[in-house]
Amino acid sequence: PSTATEEFSEDFFTQYLALKRSGEPLDSSAQATLIANLSNKEFGGLSYKIYAERDIRTQPNTSTTTLHIFGNALAKIVVENSRLQTEPELLILERALQTNSKDELGKLDPILAIYQTIITQALALSVPESAVELELNLINSLSALESSIRGMKRVFDDPVFSLRAITLYNSMRASPANSVT
């Protein structure tokens, strides 16, 4: 299978036919087992770049002034870039699905660029050692969000993969690390 949707379909029909051939009745218990088996399996790999401490510039100075300067610089990056986003990602996806328009998904491209710009600019900051964990949490969350939006764009070609991307997106948006985005 070349897509997560094809992989899911193949696995579903294989398990379904095995159940039918077993001679056992396809009762609600057997159906629940089939659904549970499919729900617990990951179809298609949704991955994102995970940044580590070696990817950021650190500085040993953790004075209150240094932390204040870093915090203001990080906030400025997030606020200035976030202003460029004109509408939520899920609204664009919903409209694309309602209108069956792949072209509508192109409106996600500027949002992807915003996420990448925030990541790039945040990585360029000199991070006080006491703020490294905060920086990494933010950057990795943004990286996951960016990847999930890329996955959403595949909704017409690979709906199962796109559904996984939406699940990741929702879990990352609910993350406290994303309260600044």
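Residues numbered from 1 in each chain as written. Predicted model: local features only at pLDDT ≥ 70, side-chain atom pairs only at ≥ 80, totals over all residues. Heavy atoms only, no water.

A few words now on the overall build of the protein. Looking only at helices and strands, the protein features 7 helices and 2 strands. Walking the protein from its N terminus toward its C terminus, one meets helices and strands in the order α-α-β-α-α-α-β-α-α. Of all 181 residues assigned to the protein, the portion counted as buried reaches 38%. Of the contacts made within the protein by residues no fewer than 6 positions apart, 77% connect residues no fewer than 24 positions apart. (Helix = DSSP H or I, 4+ residues; strand = E, 2+ residues; numbered from the N terminus. Buried < 20%, exposed > 50% of the residue type's maximum accessible area, 1.4 Å probe, protein only. Contact = heavy atoms within 4.5 Å.)

Despite not being glycine, asparagine 100 has its phi angle at roughly 55°, a positive value. Residue placement: asparagine 100 occurs in the loop between helix H4 (89-99) and helix H5 (109-124).

This paragraph deals with the packing of aromatic side chains. Evaluated as defined, the whole model comprises 0 aromatic pairs. If you follow arginine 154 out to its NZ or CZ, it ends over the ring of phenylalanine 161, 3.7 Å from the centre. (Phe/Tyr/Trp six-rings, centres within 6.5 Å; stacked < 30°, edge-to-face > 60°. Lys NZ or Arg CZ within 6 Å of the ring centre and 35° of its normal.)

Once that is clear, we can look at the nonpolar core. Buried together is how nonpolar side chains tend to be arranged in soluble globular proteins. Core analysis: the biggest nonpolar cluster contains 36 residues, and Ile56, Ile139, Leu142 and Ile149 have the highest contact counts within it. Of all elements in the fold, only helix H3 (64-82), H4, H5, helix H6 (132-152) and helix H7 (159-173) reach the threshold of two or more residues within this core. Counting residues per element, this core draws most heavily on H6, which supplies 9 residues. Every residue in contact with isoleucine 149, bar those within four places of it in the chain, is listed here: Glu89, Leu108, Ile111, Leu112, Tyr115 and Tyr169. (Core = buried A, V, L, I, M, F, W, Y, C linked by side-chain atoms within 4.5 Å.)

In the structure shown here, the tally under the stated rule is 7 salt bridges. Salt-bridge contacts for lysine 102 lead to aspartate 157; the nearest nitrogen and oxygen are separated by 3.0 Å. Of this pair, lysine 102 sits in the loop between H4 and H5 while aspartate 157 is found in the loop between H6 and H7, placing the two residues 55 residues apart along the sequence. Put simply, arginine 154 and aspartate 158 hold a salt bridge, and the shortest N to O gap is 3.2 Å. One salt-bridge network, held together by shared partners, links Glu87, Arg95, Glu104 and Lys107. (Salt bridge = Lys/Arg side-chain N within 4 Å of Asp/Glu carboxyl O.)

Below, the discussion takes up H7. Spacing of three or four residues puts side chains on the same side of an α-helix, whose turn is 3.6 residues. Compared with the 21 Å implied by 1.5 Å per residue over 15 residues, the 21 Å span of H7 between its first and last C-alpha is a close match. Val160, Phe161, Ser162, Ala165, Ile166, Leu168, Tyr169 and Met172 are the residues of H7 that are buried. (Expected span 1.5 Å × (residues − 1).)

Let's shift gears to the side chain of glutamate 89. Tracing the chain through its elements places glutamate 89 in helix H4. Despite its burial, glutamate 89 pairs with no opposite charge, the nearest such side chain being arginine 173 at 5.0 Å. Within polar-contact distance, the side chain of glutamate 89 engages the side chain of tyrosine 115 at 2.8 Å. One polar contact links glutamate 89 to tyrosine 169, side chain to side chain, over a distance of 2.7 Å. Contact partners of glutamate 89, with chain neighbours within four places excluded, come to Leu108, Ile111, Tyr115, Ile149 and Tyr169. (Lys, Arg positive; Asp, Glu negative; His and termini not counted. Polar contact = N/O pair within 3.5 Å; in protein donor to acceptor, adjacent residues only side chain to side chain.)

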